[in-house]
Protein chains: 2
Amino acid sequence: LNGEFGAISAIESLLPAPGPEVERWIGDDAAVVAIGGGRRLLLAADTVVAGVHADLTLTGLDDLGWKALAACLSDVAAMGGEVGHALVTVAGPPDTDLAGLYRGVADASRAFRCPVVGGDLVNSAALVVTVAVTGWCDGAPVSRGGARPGDLLWVTGPLGASAAGLRLLRERARGVQPPVSSVEVGLEGPEDASGDPIADALRRHTRPIPMIAAGRAARAAGATAMIDVSDGLAADLNHLASRSGVGILLDEVPVHPAATLAEALGGGEDFVLVFAAPPEAPVDDAFSSIRTPIRIGRCTTDPAERTFAGQPLPPSGWEHHWRSSG
Amino acid sequence: LNGEFGAISAIESLLPAPGPEVERWIGDDAAVVAIGGGRRLLLAADTVVAGVHADLTLTGLDDLGWKALAACLSDVAAMGGEVGHALVTVAGPPDTDLAGLYRGVADASRAFRCPVVGGDLVNSAALVVTVAVTGWCDGAPVSRGGARPGDLLWVTGPLGASAAGLRLLRERARGVQPPVSSVEVGLEGPEDASGDPIADALRRHTRPIPMIAAGRAARAAGATAMIDVSDGLAADLNHLASRSGVGILLDEVPVHPAATLAEALGGGEDFVLVFAAPPEAPVDDAFSSIRTPIRIGRCTTDPAERTFAGQPLPPSGWEHHWRSSG
């Protein structure tokens with residue numbers, strides 16, 4: 001709707017401001033509501049539209065269902081929260097394969113231990129799947145806006161896998177790439193045991209994984225700010241830096257072995273987390289049982305500074321990439 | 001999607017069953033999740049599609065925004081719950097009048113004291129507005145399934161106003177009815193002071209009111225089962241009776257002064273509440289500060305019995321009435 005981020009801030013100004021029990025609302029990954037006893041309720045919603053956020057000639061309706069729930073849980077992960085419950089609403093044409101769609105929703109519900117407790121089903125010309133989730137956190141969750149100059153920046157895995165997976169699916173559809181064997185890829189590592197980066201990229205495109213455990217570890221390590229890479233590393237780092245009022249100086253970007261550097265910088269929907277933490281934060285200890293995060297740079301005092309290896313970081317994201325280049 | 005209620009029960013069977021913290025889920029007005037200390041979190045979602053649930057040649061985009069939030073809060077009202085927070089997601093064409101839509105959302109947010117704390121905005125060929133809300137309840141909320149034989153049945157206001165309002169709007173659009181002056185109608189009564197039933201019906205169609213205070217009063221009175229009239233009194237009573245395993249014997253249906261009996265029995269989206277309570281329940285006391293509910297009949301032992309004044313109650317609802325008769 002003419003530039004998602006512009007519209008969202010315009011809408012924020014139209015809505016009445018919430019009371020003091022709402023600690024964070026529009027503009028972070030999830031809203032944070034105090035519910036007593038130091039516990040916070042996290043609330044997030046995401047909408048996936050067939051033909052806009054997923055090309056159903058390349059991926060299945062079950063994958064769309066999976067992705068809708070996974071995207072929403074990634075917002076909870078990006079706050080360092082625990083998974084609560086989901087509401088799934090489907091607006092779609094009468095001939096929609098609901099069993100297929102809900103098979104993917106159910107797969108994700110099981111994989112991420114997020115019960116689907118309700119929702120709605122209505123007729124619509126377009127297939128629109130909306131997921132709302134609750135999460136929770138004992139103590140303060142990690143916002144986008146708490147990074148300080150001098151904090152180190154980390155990512156919870158290599159980047160660009162989803163964009164690479166989409167490119168590979170397109171190449172396969174055009175006969176460029178031979179079909180790839182299906183290989184199991186572990187949820188969040190430690191390291192992917194498959195050894196097949198192409199299968200991994202395909203899997204991370206069709207069935208992306210919200211990094212709940214990594215978000216929890218980053219929060220435990222003392223992360224000052226966190227965001228999930230949904231629009232692309234460059235775009236999402238810009239959000240984090242703008243909210244925090246810091247500059248960004250990247251010196252390394254870990255590229256998924258199936259991806260290009262452009263895909264790693266601009267490709268979204270990997271749901272890798274990027275977080276800031278002070279140099280003394282016990283990041284290695286907090287991540288001892290899951291994949292070690294990778295240090296990509298640091299926060300600086302000049303909010304106008306946004307560089308990667310000395311070059312300006314590209315400002316824009318990757319929204320709906322398949323449409324413009326597919 | 002081919003019969004909303006059939007599809008929902010099919011979907012319930014596809015999804016993994018939630019853990020014991022989820023006391024009620026798909027199939028009631030709202031899901032109920034225990035969150036400690038005797039408090040329950042209520043979760044509900046509703047989707048409104050332009051052209052299916054609202055005819056934008058008759059009502060405004062602001063009314064659509066209002067209705068989406070009101071419909072969802074009515075699910076909380078029907079559990080006897082208190083209002084929490086809302087997430088609003090909009091999928092729509094790029095030329096959607098977002099300011100108009102969110103003006104209605106903001107009006108409802110203020111009127112019902114339900115802060116909108118987040119959401120999503122995406123492109124879509126169809127305009128689909130999804131609202132998810134939280135609510136809460138100290139102690140057990142009122143389900144659809146607790147009515148017992150001998151319980152009396154009550155409604156929290158006269159029925160058919162929304163259907164009558166839609167009919168009047170159509171008549172006005174065809175030049176049948178002269179334009180009606182706008183009259184303020186009080187939120188939930190005591191009685192509407194305006195004295196103008198036509199203005200009241202129009203208002204209840206364009207800006208329906210979730211009966212939060214009435215739901216709370218019914219719960220306080222000891223209601224054993226409750227549902228909001230969203231599909232029509234006959235259809236929603238059938239849901240309550242089926243879940244409770246009781247029969248229904250109606251002897252009076254209060255018809256809104258602008259409505260017909262058919263509109264009162266079959267017209268939905270008034271968001272009037274219907275509830276069952278034992279004969280000794282202190283209903284008058286519980287409702288002393290708001291509009292007195294109206295007794296419409298009682299629950300019987302034979303689940304096959306569904307009558308109104310000795311005639312079989314029409315089984316079906318009113319879904320998307322304007323489309324089939326508009």
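Just above sits the structure.
Rules behind the numbers
- Residues numbered from 1 in each chain as written.
- Chains lettered and ligands numbered in written order.
- Predicted model: local features only at pLDDT ≥ 70, side-chain atom pairs only at ≥ 80, totals over all residues.
- Heavy atoms only, no water.
- Pairing = 2+ DSSP bridges.
- Helix = DSSP H or I, 4+ residues; strand = E, 2+ residues; numbered from the N terminus.
- Axes fitted to C-alpha atoms, helices over the stretch in contact; angles between N-to-C directions.
- Salt bridge = Lys/Arg side-chain N within 4 Å of Asp/Glu carboxyl O.
- Buried < 20%, exposed > 50% of the residue type's maximum accessible area, 1.4 Å probe, protein only.
- Phe/Tyr/Trp six-rings, centres within 6.5 Å; stacked < 30°, edge-to-face > 60°.
- Core = buried A, V, L, I, M, F, W, Y, C linked by side-chain atoms within 4.5 Å.
- Contact = heavy atoms within 4.5 Å.
- Buried area = accessible area lost by both parts, 1.4 Å probe.
- Polar contact = N/O pair within 3.5 Å; in protein donor to acceptor, adjacent residues only side chain to side chain.
- Nonpolar A, V, L, I, M, F, W, Y, C, P; charged D, E, K, R; others polar.

**Structural notes on the sheet that holds strand β3 (residues 39-49) of chain B**
Residues and elements named next belong to chain B. Taken in spatial order, the 6 strands of this open sheet run β1-β2-β3-β6-β4-β5, and their pairing is mixed. Every other strand in the sheet has two partners, leaving β1 (22-24) and β5 (116-123) as the edge strands with one partner each. Between one strand and the next, the sheet's axes are offset by a mean angle of 20°, whatever the strand orientation. Two elements, β1 and strand β2 (residues 31-34), share 2 bridges in a ladder whose sense is antiparallel. Pairing of Val 22 across the sheet is with Val 33, part of β2.

**Re the pattern of salt bridges**
Residues and elements named next belong to chain A. This structure, assessed with the given rule, holds 26 salt bridges over all chains. Arg 144 is paired through a salt bridge with Asp 28; the nearest N and O atoms lie 3.9 Å apart. With a gap of 116 residues between them, Arg 144 in the loop between β6 (128-138) and β7 (152-155) and Asp 28 in the loop between β1 (22-24) and β2 (31-34) connect regions that are remote in the sequence. Given the relative accessible area of 14%, Arg 144 is considered buried. For Arg 207, the salt bridge identified is with Asp 62, shortest N-O distance 2.9 Å. With Arg 207 in the loop between α5 (197-206) and α6 (212-221) and Asp 62 in helix α2 (residues 61-77), the pair connects residues that are 145 residues apart, well separated along the chain. Classification of Arg 207 by relative accessible area gives buried; the value is 13%. Overlapping salt bridges, with partners in common, bring together Asp 62, Asp 63, Asp 107, Arg 110 and Arg 207 in one network.

**Some thoughts on the packing of aromatic side chains**
Residue and element names in this part refer to chain A. Considering all chains together, one arrives at 6 aromatic pairs over all chains under this definition. Seen from their ring centres, Trp 66 and Phe 112 are 5.1 Å apart, and the 70° between their planes marks the pair as edge-to-face. Linking Trp 66 in helix α2 with Phe 112 in the loop between α3 (98-111) and β5 (116-123), this pair joins segments that are 46 residues apart in sequence. The exposure classification of Trp 66 matches that of Phe 112, with both residues buried. One aromatic cluster is present, built from ring pairs that chain together Trp 154, Phe 275 and Phe 287.

**Notes on the nonpolar core**
Ranked by internal contacts, the top residues of the largest apolar core, which has 187 residues, are A:Val133, A:Leu233, A:Leu250, B:Tyr102, B:Val133, B:Leu233 and B:Leu250. With near-sequence residues (within four places) excluded, B:Tyr102 lies in contact with A:Ile11, A:Leu14, A:Leu15, B:Val88, B:Val90, B:Asp120 and B:Leu121. Of all hydrophobic cores here, the second largest spans 12 residues; its members include A:Ala91, A:Val122, B:Val52 and B:Val122.

**Regarding the interface of chain B and chain A**
Contact with chain B, which involves 57 residues of that partner, is made by 57 residues of chain A. Both faces combined, the contact of chain B with chain A buries some 4,800 Å², and carbon together with sulfur accounts for 72% of it. In this structure, the connection of chain B to chain A is made through 0 salt bridges. Across the chain B-chain A interface, the total number found is 8 residue pairs in polar contact (both at pLDDT 80 or more). Elements that contribute at least two residues to the side of chain B that touches chain A include exactly α1 (4-14), β2, β3, β4 (82-92), α3 (98-111), β5 and β6 (128-138) of chain B. Of all the elements, β5(B) adds the most residues to the side of chain B that touches chain A, at 8 residues. Per-class residue counts for the side of chain B that touches chain A are 38 nonpolar, 14 polar and 5 charged.

**Things to note about the sheet that holds strand β9 (residues 247-250) of chain A**
Residue and element names in this part refer to chain A. With mixed pairing, the 7 strands of this open sheet are ordered in space as β8-β10-β7-β11-β9-β12-β13. If you trace the sheet from one side to the other, it starts and ends with β8 (225-228) and β13 (311-312), each paired once. As defined by bridge partners, β9 adjoins strand β11 (residues 294-300) across 4 bridges and the pair is classed as antiparallel. Paired with Leu 250 across the strands is Gly 297, a residue of β11. Sheet strands touched by helix α7 (residues 233-244): β7, β8, β9, β10 (273-277), β11 and β12 (306-308). Its angle to β8, the strand with the most contacts, is close to 150°.

**Let's talk about the side chain of B:Asp151**
By the secondary structure assignment, B:Asp151 is in the loop between β6 and β7 (152-155). Polar side-chain contacts of B:Asp151 include one of 2.9 Å to the backbone nitrogen of B:Arg148.

**Quick look at α5(A)**
All names here are of chain A. Here α5 lies mainly inside the structure; 7 of its 10 residues are buried. Where α5 is concerned, the buried positions are Ala 199, Asp 200, Ala 201, Leu 202, Arg 204, His 205 and Thr 206. Where the residues of α5 are buried, they touch α2 and α4 (161-173). The distance from a side-chain oxygen at the start of α5 to the backbone nitrogen of Ile 198 is 3.0 Å, and the residue carrying that oxygen is Asp 196.

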